[in-house]
Amino acid sequence: MTETGKEKCAHTSLRNEVDQLSLATNHLKNLVYSMSVVLSERMEHTQEYEALLTLFDTVRNHIEDVQGSSEKISELLEPCALEVSKD
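Of the regular secondary structure elements, the protein holds two helices and zero strands. Every one of the 87 residues in the protein was classed for burial, and the buried ones make up 14%. Partitioning the contacts of the protein with sequence separation of at least 6, the portion at a separation of at least 24 is 79%.

If you want it as structure tokens, here you go:
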């Protein structure tokens, strides 16, 4: 395989991983939304509710961090894609 072929293969693999990361992030967002619905409909404002709400917020924040990282990686990949496609 030529160097350009290896670069294209690596770029495609990395792009696929980023796409999978984005998909996983979306699934987690849906899960967090479902959790919020359950929390709001099934629980009273108790200590357990407050603890679960804190956990919910923490998970949501981590999801947002992962999504932000995924978007940054995608932005960094764009110039590489242009370089590889020129070869």
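So much for the structure itself; the text now carries on.
Mapping Leu 77 onto the fold places it in helix α2 (residues 47–86). Accessibility expressed as a relative area gives 6% for Leu 77, which makes it buried. Sequence separation between Leu 77 and Arg 15 is 62 residues; the distance between their C-alpha atoms is 7.6 Å. The contact partners of Leu 77, leaving out residues within four places of it in the chain, are His 11, Leu 14, Arg 15 and Val 18.

Attention shifts here to the environment of Tyr 33. Locating Tyr 33 in the fold gives a position in helix α1 (residues 3–42). Sequence spacing of Tyr 33 and Phe 56 is 23 residues, and the spatial spacing of their C-alpha atoms is 9.3 Å.

With that settled, consider the nonpolar core. The biggest cluster of nonpolar side chains holds five residues, and these are Val 32, Leu 39, Tyr 49, Phe 56 and Ile 63. Here this core takes three residues from α2, the largest share from any one element. Filtering out sequence-adjacent residues up to four positions away, Leu 39 remains in contact with Tyr 49, Leu 52, Leu 53 and Phe 56.

Analysis parameters
- Residues numbered from 1 in each chain as written.
- Predicted model: local features only at pLDDT ≥ 70, side-chain atom pairs only at ≥ 80, totals over all residues.
- Heavy atoms only, no water.
- Helix = DSSP H or I, 4+ residues; strand = E, 2+ residues; numbered from the N terminus.
- Buried < 20%, exposed > 50% of the residue type's maximum accessible area, 1.4 Å probe, protein only.
- Contact = heavy atoms within 4.5 Å.
- Core = buried A, V, L, I, M, F, W, Y, C linked by side-chain atoms within 4.5 Å.

Nothing here speaks to function; it is all geometry.
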